[in-house]
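# Structure at a glance
Chain residues, written in single-letter form:
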Protein chains: 2
Amino acid sequence: MKLADLAALAGVSTATVSRALAGHPSVNTGTRERIRALAREHDVRPNQLARNLRLKSTGAIGLVLPLGHAKTQHLTDPFFLSLLGFLADLLVERGYDILLSRVIPDADDWLERVVDSGRIDGLLLVGQSDQFGVIERVAQRYRPLVVWGAHRPGQHHLTIGSDNVAGGRMAAEHLIAQGRQRLLFVGDPAPPEFADRLAGFAAAAHDAGVPHDVLATPMMPEAVNAAVAEHLARGAVPDAIFAASDVAAMSVLRALAEAGIDIPGTTAVVGYDDVTLAAHTSPSLTTIRQDLAIGAELMVDRLLKRIAGEPAESAIVPPVLIPRQSG
Amino acid sequence: MKLADLAALAGVSTATVSRALAGHPSVNTGTRERIRALAREHDVRPNQLARNLRLKSTGAIGLVLPLGHAKTQHLTDPFFLSLLGFLADLLVERGYDILLSRVIPDADDWLERVVDSGRIDGLLLVGQSDQFGVIERVAQRYRPLVVWGAHRPGQHHLTIGSDNVAGGRMAAEHLIAQGRQRLLFVGDPAPPEFADRLAGFAAAAHDAGVPHDVLATPMMPEAVNAAVAEHLARGAVPDAIFAASDVAAMSVLRALAEAGIDIPGTTAVVGYDDVTLAAHTSPSLTTIRQDLAIGAELMVDRLLKRIAGEPAESAIVPPVLIPRQSG
DNA sequence: AAACTTGTTGCAATCGATTGCAGGAATCGT
DNA sequence: ACGATTCCTGCAATCGATTGCAACAAGTTT
């Protein structure tokens, strides 16, 4: 039942009904209570769409996962789901709904379509994928936009992310401190997050005078598994592998186990993210943790500041090495 | 930029612009192309809210997790996140957006508010929690509503769920076949899903002439852990525990390990759900799998049927016992 | 030349709520 | 008793797109 119907029932105008339900002070106390009682009795629930249209505010935050570099990747990715869980909890606590979309950036105005749809008050983007340019362009004019990802000098869009260069460096230093000598990076070096992890990894190796290889592969589990298997079959057995993500690291573990290689005896493995699963693989996975609880809080905090018109800047969550059995 | 602005630029009415962009056949081909070119050039993106209001359809599906029995439970729950992942993938493939809310059912019209908000074309509810009555009431009049949960004879709302009674029964039979004699159910027996699991468990135990106990506890990890620890401290050491969920089962594993009890030598543990983690705990967790990929497909399929005005009925996903190390 | 199609476009109502402004009634001050 | 406040309520515009109906021009038929 809508406001106009209730107005007819109560013998007043919709204007008065609207004001009564909104608790507007200018409406007479008696009338207000009468209308409210009637509203309860007759199941009146105002149409949010109409309200949003008029007020130009929706109470919803967009949450988008752009899938440029892995068109077959699904929302079931544990890293994304975990971050999503934290973000959702925080946003709901603050009274926002979440409009979730998975976008495959084919048309190059995909981001414009999202922000100009009028359906959201702000947007959280998880991962820059290969859409750096698009994001920059939109961020120039659309303020309430926060991205999980890497920060480049001079960029205009607001990012929250872990320091991937530092994380990659930590991985390499940790492995080298164990005396590992033949380092291998496994993953897709194209997306900025992964590129930074590799850069830090390579820099630390270089500083220590240790050589390293790069095994570039798409991030899908079977692809990683196959790439590592083939690499091993060629007789190249590294004594340390740094995988671009935990999910990739788990495929690496599997490929090594299938090749009968001892972990960490022969080859150490270090992952990235510290997804919940990482503590429970066997052997359990040494990894670089991104603290998503903190990251999510930073994202939401910055986004709400931007929505309120206040300034807010990028921030970095420091990565932490979590040593476990795999290396 | 909105349609009216473009109309002014093109020297036509908004009506014509609307029809041109929608590809309505009655508009002159020349005019249509001229308007479309202008639209591309000037970044015209119609306001979805206004469109939705007029058309009374939104292209969004609500996804709600009611948290009646665990007011502190979060969206980070792995079972929910996993189902959410599957649902989101399916819905996005079909062109729907997802409006995600976590609801704490305090006011008893929480569900009415969601379905009458005008913001969604249909609703998926994950879990009935303790809100069976509310859901029944709304389902009487609101058709596009699909619930993940238990099916009661004579109920009106459409549910997809695993056969929890059969699942509970399988757990008990599996344990009894190993010669286990002192069975214990751990969990909150109030929500219908859990009640069914307990009912099947109890029935199978009764059929086999084996006694069983019930340790009722809230489902939060610390609560389960504490409840089991206290139970053990009272000297009652069961030789088999059936936990209402995998997450609860993991707390049970921890409590047993902390009490120095051998698993599965002294006490076997069986969980429910088969979350990804269950295969990776140590010892790995024997559990009753709910196939969420299939469940999600059934939910989306039924919901879209209902939205299209077609009839659709409840369905059941058969549970499967996954034997692992814990029992 | 009158009557009738056909093709294209615009007017204005509609979706349902919010709110500035105006106006009527009641109360107050002098 | 008359103007000035104060209080309350309703009118009507507004948010932006969609669409039935009417209108008009150009072409066709008789």
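About the criteria used
Along each chain, numbering runs from 1 in the same order as the chain's sequence is written. Think of it this way: whatever chain is written first is A, whatever ligand is written first is 1, and the rest follow in order. Per-residue local features of the predicted model are confined to residues with pLDDT of at least 70, and side-chain atom pairs are confined, for both listing and counting, to 80 or more; whole-chain, interface and lining totals are unaffected and use all residues. Excluding hydrogens and water, the side-chain figures rest on all heavy atoms present in the structure. Each domain's limits were defined by an automated method or a database of domain assignments. Least-squares fitting of one copy onto the other uses the C-alpha atoms of those residues that reach a pLDDT of at least 70 in both copies. By definition in these notes, contact holds between two residues if any of their heavy atoms fall within 4.5 Å. The term salt bridge refers to a pairing of a side-chain nitrogen on Lys or Arg with a carboxyl oxygen on Asp or Glu at a separation within 4 Å. The way it works is that DSSP assigns letters per residue, a run of H or I at least four long becomes a helix, a run of E at least two long becomes a strand, and they are numbered from the N terminus. For every residue, the accessible area (1.4 Å probe, protein chains only) is compared with the maximum for its type, and the residue is labelled buried under 20%, exposed over 50%, or partly exposed between those bounds. By buried area we mean how much accessible surface two parts lose on assembly, using a 1.4 Å probe and totalling the loss over both. Nitrogen and oxygen atoms within 3.5 Å of one another constitute a polar contact, given that in protein one can donate a hydrogen and the other can accept it, and given that sequence-neighbouring residues count only through two side-chain atoms. When residue character is reported, Ala, Val, Leu, Ile, Met, Phe, Trp, Tyr, Cys and Pro are called nonpolar, Asp, Glu, Lys and Arg charged, and the others, Gly included, polar. The pairing criterion is simple: DSSP has to find at least two bridges between the two strands. Axes here refer to lines fitted to C-alpha atoms; in helices the fit is confined to the stretch in contact. Angles between the N-to-C directions go from 0 to 180 degrees. The rule for a residue being near a molecule or strand is that one of its heavy atoms must lie within 4 Å of it. Residue count minus one, scaled by 1.5 Å, sets the expected span of a helix.

## Focus on the domain arrangement of chain A
For chain A, the assigned domains are domain 1 (3–46), domain 2 (60–163 + 292–318) and domain 3 (164–289). Summarising the inter-unit geometry, the C-alpha centres of domain 1 of chain A and domain 2 of chain A are found 39 Å apart.

## Some details on the relation of the copies chain A and chain B
Rotating chain A by 179° and moving it 0.3 Å along the rotation axis overlays it on chain B with an RMSD of 0.3 Å. A rotation of that kind, with that shift, is consistent with a two-fold axis. Most of the interface of chain A is mirrored in chain B, where 100% of its interface residues again form contacts.

## Focus on the pattern of salt bridges
This model, assessed by the stated rule, comprises 28 salt bridges over all chains. For Asp301 of chain A, the salt bridge identified is with Arg302 of chain A, shortest N-O distance 3.0 Å. Put simply, Arg324 of chain B and Asp274 of chain B hold a salt bridge, and the shortest N to O gap is 3.0 Å. Of this pair, Arg324 of chain B sits in the segment after β12 (320–322) while Asp274 of chain B sits in the loop between β9 (268–273) and β10 (286–289), placing them 50 residues apart in sequence. Taking relative accessible area as the criterion, Asp274 of chain B reaches 15% and is therefore assigned buried.

## Here's the deal with the interface of chain A and chain B
Much of the literature gives interface size as the accessible area that the parts lose upon coming together. Each side of the interface is counted separately: chain A has 40 residues, and chain B has 40 residues. When the two sides are added together, the surface that chain A and chain B hide from each other amounts to roughly 3,600 Å², 62% of it contributed by carbon and sulfur. Its largest share of buried area at the contact with chain B, chain A owes to Arg45, Leu49 and Arg119 of chain A, together 20% of the area lost on that side. At the junction of chain A with chain B, the criterion picks out 4 salt bridges. Among the salt bridges present, the one from Asp116 of chain A reaches Arg45 of chain B, with a minimum N-O distance of 2.9 Å. Counting across the interface, chain A meets chain B through 8 residue pairs in polar contact (both at pLDDT 80 or more). For the side of chain A that touches chain B, the secondary-structure elements that each account for two or more residues are α4 (48–55), α5 (78–93), β2 (97–103) and α6 (110–115) of chain A. Take the side of chain A that touches chain B: its biggest share by element is 9 residues, from α5 of chain A. A class-by-class count of the residues in the side of chain A that touches chain B yields 15 nonpolar, 14 polar and 11 charged.

## Structural notes on the sheet that holds strand β7 (residues 212–216) of chain A
Residue and element names in this part refer to chain A. With respect to topology, 6 strands assemble into an open sheet ordered β7-β6-β8-β9-β10-β12, the strand pairing being mixed. Two strands close off the open sheet at either side, each with one partner strand: β7 and β12 (320–322). Shown here is a sheet whose adjacent strand axes are inclined to one another by a mean of 20°, direction ignored. Strand direction decides the pairing type here: strand β6 (residues 183–187) and strand β8 (residues 240–243), joined by 4 bridges, are parallel. When the sheet's bridge partners are listed, Leu183 is paired in β8 with Ala240.

## Some thoughts on the protein's contact with DNA strand C
Around DNA strand C there are 25 residues in total, and Leu3, Ser18, Arg51 and Arg54 of chain A together with Thr16 of chain B lie nearest to it. Here Thr16 of chain B contributes a side-chain N or O atom positioned 2.6 Å from a phosphate oxygen of DNA strand C. The separation between a base nitrogen of DNA strand C and a polar side-chain atom of Arg19 of chain B is 3.0 Å. Those elements giving two or more residues to the surface near DNA strand C turn out to be α1 (3–10), α2 (14–22) and α4 of chain A together with α2 (14–22) and α4 (48–55) of chain B. The biggest single contributor to the surface near DNA strand C is α4 of chain A, with 4 residues. Taken together, the residues of the surface near DNA strand C break down into 10 nonpolar, 8 polar and 7 charged.

## A few points about the protein's contact with DNA strand D
Around DNA strand D, the surrounding shell holds 25 residues, and the nearest of these are Thr16 and Thr31 of chain A together with Ser18, Arg51 and Arg54 of chain B. Sugar and phosphate atoms constitute 68% of the interface atoms of DNA strand D, taking the interface as everything within 4 Å of the protein. One of the side-chain nitrogen or oxygen atoms of Arg54 of chain A is found 2.9 Å away from a base oxygen of DNA strand D. Mapped by element, the contributors of at least two residues to the surface near DNA strand D are α2 and α4 of chain A together with α1 (3–10), α2 and α4 of chain B. The greatest single-element share of the surface near DNA strand D, amounting to 4 residues, is contributed by α4 of chain B. Tallied by class, the residues present in the surface near DNA strand D amount to 10 nonpolar, 8 polar and 7 charged.

## Observations regarding α5 of chain A
All names here are of chain A. An ideal rise of 1.5 Å per residue puts 22 Å on 16 residues; α5 measures up with 23 Å between its terminal C-alpha atoms. By the criterion of burial, α5 is predominantly enclosed, with 12 of the 16 residues buried. Within the sequence span of α5, burial applies to Phe79, Phe80, Leu81, Leu83, Leu84, Gly85, Leu87, Ala88, Asp89, Leu90, Leu91 and Val92. One or two residues past the end of α5 sits Gly95, with phi positive at roughly 85°.

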